[in-house]
Amino acid sequence: MKDVLIICYSRTGLTRQVALDLRARLDADFEDIREGHRRRGPLAYLWGRWQASRGMACEIAPPLRWASDYRALVLALPNWAGALCPAMRAWLLEQGRPLPPYATLITQSDSGADQVRAAVAQLIGAPDRAHLCLTDRQIAEQDFHAALTPFARSLPSALGLTQPAKGRKSA
């Protein structure tokens, strides 16, 4: 098992694309959050935005990995009009507390990432230790690497991974 778990929810695949790139850079474990039903089409998207705007969770598949087994997390999620997406909310609620230190990787079409970060912090009870926000356009045009590289390099220190874990011997 790795030190870092990247948890990803991606309806369109853009968030997942960046999260997988980050996984390779960090040598982290990865888990996709899978909803109980697939959000296809404009009505499903609007239903999801309505759920997000009201702070609702949705049904998700049982997690394969648990946050408590890791030293740190990266939450890779889309910004749904300034609200936390229902699938990530459901995953966080399922995990319980306390959670390890975490960073956020937020994708969005326009703005509102600060509101999403605040919603995550309120739900977890602690702020993220690092964050990166990318636009859908940056990702679609493959113009996100210049921002992702320094973010990935900063994470071990920001998440407290430069010290050996308790019970582990340093090499």
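Preceding this section is the structure that the text describes.
Thresholds, definitions, all that
Residues numbered from 1 in each chain as written. Predicted model: local features only at pLDDT ≥ 70, side-chain atom pairs only at ≥ 80, totals over all residues. Heavy atoms only, no water. Core = buried A, V, L, I, M, F, W, Y, C linked by side-chain atoms within 4.5 Å. Buried < 20%, exposed > 50% of the residue type's maximum accessible area, 1.4 Å probe, protein only. Helix = DSSP H or I, 4+ residues; strand = E, 2+ residues; numbered from the N terminus. Contact = heavy atoms within 4.5 Å. Pairing = 2+ DSSP bridges. Right-handed = clockwise from strand over helix to strand, strands pointing away. Salt bridge = Lys/Arg side-chain N within 4 Å of Asp/Glu carboxyl O.

Visitor: Can you help me understand the nonpolar core in this one?
Guide: Nonpolar side chains in soluble globular proteins tend to be buried together. Grouped together as the largest cluster of nonpolar side chains are 31 residues, with contacts concentrated most on Ile33, Leu75, Leu77, Leu84, Met88, Trp91 and Leu92. At seven residues, the largest contribution of residues to this core is made by helix 4 (residues 113-124). Beyond its immediate sequence surroundings of up to four residues, methionine 88 is in contact with Ile7, Tyr9, Ile33, Leu75, Ala76 and Leu77. Ranked by size, the runner-up nonpolar core spans 24 residues in total, among them Ala19, Phe30, Ala103 and Ile139.

Visitor: Quick question: what am I supposed to make of the pairing of strand 6 (residues 130-135) here?
Guide: Along any regular strand the residues' side chains alternate between the sheet's two faces. Side chains Ala130, Leu132 and Leu134 project from strand 6 onto a buried face, and the interleaved His131, Cys133 and Thr135 project onto a face without burial. Sheet topology places strand 5 (residues 102-108) next to strand 6; six bridges connect them, and they run parallel. Residue threonine 107 lies in a different strand from strand 6, and its bridge partner there is leucine 134. Once the chain exits strand 5 it traverses helix 4 before rejoining the sheet at strand 6, and the crossover so formed is right-handed.

Visitor: Looking at this structure, I do not really get the pattern of salt bridges. What am I missing?
Guide: A side chain with one charge can pair with a side chain of the opposite charge if their charged atoms come near. Counted by the stated rule, this structure contains seven salt bridges. Among the salt bridges present, the one from aspartate 3 reaches arginine 71, with a minimum N-O distance of 3.4 Å. One end of the pair, aspartate 3, is in the segment before strand 1 (4-8); the other, arginine 71, is in the loop between helix 2 (41-53) and strand 3 (72-80), and 68 residues separate them in sequence. Among the residues examined, aspartate 3 registers a relative accessible area of 24% and is labelled partly exposed. The exposure class of arginine 71 is buried, given its relative accessible area of 19%. Its salt-bridge partner being aspartate 128, residue arginine 117 comes within 2.8 Å of it at the nearest N-O pair.

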